[in-house]
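Observations on chain architecture
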Amino acid sequence: MPIITLGIESSCDETACAVVEDGRIVRSSIIASQADFHSQYGGVVPELASRMHVEAIVPCIREAMKQAQVDYSDIDAVCVTKGPGLVGALLVGVSAAKALCEVKGIPLVGVNHMAGHIAANYLTDITWEPPFLCLVVSGGHSEILLVKDYCDMEYICATRDDAAGEAFDKIARVIGLGYPGGPKLDAASKSGDPNAYSFPAPKISDSLDFSFSGIKTAALNTINQVRLKGEDVNVNDFAASYQDAICSILCDRLWQAVKQTKMKKICLAGGVSANSCLRKKINDLASKRNLQVCLPKMTYCTDNAAMIASAGYFDYMAGVRDTLDMNAYPSLEM
Ligand code: KG4
Ligand code: ZN
């Protein structure tokens, strides 16, 4: 009999529920995105996000189960994101999961959202297994992890300041692309020249750690200088150049980590893994250096519950069980 996990995700502005078989086969994946709603405010408004999760969560769970054609008695574990994320938003998913588990007598598994992003690779390539190196890049994270086993990971490096997604979102807003910045910057870059503007590469000696504050400040300075002359930046060229500079840094650090660890398998995780420039650079690195590579399917790059159901499956198989004491943990580490 396959093991069926129900995933619930509500850490930011997506209410998502999914049913996954044996941690690898997606039977259903429902995502109710609030992005259009928050775009009028230029970013996620936490209080409004929580309220919208409350409205969406029950219909989302019902629809995921209906599409997967499963009943509560078929579900082996309810896997819910317990952190990191917005506390009010997380609490909606956590409370729904606890109620479901208590009423239906189903085991509860609290999942780390970032471990969920990494599990997107298991959904993409059903033969993909640890050990491997993973470049995790999202709105709040930029790090390289050595995934030794499904539930055993070690940090190789992290960011000293901003996350890559944050660096994209900020500059996208300044050049007038709006929210969510990353995907809009990606789209604008398609008709831009990546060599039109140049940015300094950050130098942190003896460390693979990322730092994006310098490049972000350089971008802001360039924009201000151009505007002081009464001109405006070419949005497509600027998007292409800025994106290329950040993706080159990410790719270079991953290559350094490969050399340091001698690991021959690499993959991506997190919202920024949807970026076309980053995907191309990582693919090129893999072919040039003869590395095995996995790039998560586009639908599993940004927040979804299938990845939570997958990560939760591996935790469940390792014996993880949570109780009603489980809370939401906004700054949860791996
Ligand atoms: O993983 P995610 O959906 O949420 C977090 O856990 O943070 O990541 C969201 C981040 C945002 O910063 C968004 O701008 C970025 O991922 N993102 C992208 C792309 N799609 C999403 N950044 C660059 N290019 C994209 N295509
Ligand atoms: Zn995420």
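Everything discussed here concerns the structure shown above.
What you see is a predicted model; the values in this text were computed from it and never measured.

Comments concerning the pairing of strand 7 (residues 142–149)
Taking burial as the measure, the eight residues of strand 7 include six buried ones, the bulk of the element. In terms of strand pairing, strand 6 (residues 132–137) meets strand 7 through six bridges, oriented antiparallel. The partner of V136 across the bridge, within strand 7, is E143. Count of turn residues in the strand 6/strand 7 antiparallel hairpin: four residues. With five bridges connecting them, strand 7 and strand 8 (residues 152–157) associate as antiparallel partners. Across the sheet, the residue bridging to D149 is D152, located in strand 8. Between the end of strand 7 and the start of strand 8, which pair antiparallel, lie two residues.

Points about the coordination of the zinc ion (ligand 2)
Every protein donor of the zinc ion (ligand 2) is accounted for by H113 (NE2), H117 (NE2) and D303 (OD), and the metal-donor separations fall at 2.0 to 2.1 Å. Spacing between the donor residues of the zinc ion (ligand 2) along the chain follows H-x3-H-x185-D. Of the two residues, H117 is situated in helix 4 (residues 113–124) and D303 in the loop between helix 10 (298–301) and helix 11 (306–317); the sequence distance between them amounts to 186 residues. Classification of H117 by relative accessible area gives buried; the value is 2%. Residue class for D303 comes out buried when judged on its relative accessible area of 13%.

A word on the site of ligand 1
The immediate surroundings of ligand 1 are formed by 18 residues, with H117, G139, D169, D186 and N275 found nearest. H113 places a polar side-chain atom, nitrogen or oxygen, 3.1 Å from an oxygen atom of ligand 1. In the environment of ligand 1, a nitrogen atom lies 2.9 Å from a nitrogen or oxygen atom belonging to the side chain of D186. In isolation ligand 1 has 550 Å² of accessible area, and contact with the protein removes 86% of it. Sorting the residues of the shell around ligand 1 by element identifies helix 4, helix 5 (164–174) and helix 6 (181–189) as the ones contributing at least two each. The residue inventory of the shell around ligand 1, partitioned by class, reads four nonpolar, 11 polar and three charged. Each of domain 1 (4–120 + 301–317) and domain 2 (130–296) gives at least three residues to the shell around ligand 1.

Thresholds, definitions, all that
- Position numbers for residues start from 1 in each chain and track the written sequence from start to end.
- Each chain is given a letter, starting from A, and each ligand a number, starting from 1, according to the order in which they appear as written.
- For this predicted model, a pLDDT threshold of at least 70 governs which residues receive local features, and a threshold of 80 or more governs which side-chain atom pairs are given and counted, while totals over whole chains, interfaces and linings are taken from all residues.
- Side-chain measures were taken over the full set of non-hydrogen atoms in the model, leaving aside hydrogen atoms and water.
- A 1.4 Å probe rolled over the protein chains alone gives each residue an accessible area, and that area as a share of the maximum for its type sets the label: buried under 20%, exposed over 50%, partly exposed in between.
- Starting at the N terminus, helices and strands are each numbered in turn, a helix being any DSSP run of H or I of at least four residues and a strand any DSSP run of E of at least two.
- Two strands are said to pair when DSSP picks up at least two bridges between them.
- Only nitrogen, oxygen and sulfur atoms qualify as donors, provided they sit within 2.8 Å of the metal or within 3.2 Å for Na, K and Ca; with water excluded from the atoms, sites may seem incomplete.
- We call a residue near a molecule or strand whenever a single non-hydrogen atom of that residue lies within 4 Å of it.
- Nitrogen and oxygen atoms within 3.5 Å of one another constitute a polar contact, given that in protein one can donate a hydrogen and the other can accept it, and given that sequence-neighbouring residues count only through two side-chain atoms.
- What sets the accessible areas is the Shrake-Rupley method with a 1.4 Å probe; for residues, cover comes only from the shown protein chains.
- Any residue outside Ala, Val, Leu, Ile, Met, Phe, Trp, Tyr, Cys, Pro, Asp, Glu, Lys and Arg is labelled polar, Gly included; the first ten of those are nonpolar and the last four are charged.
- An automatic or database domain assignment supplies the start and end points of every domain.

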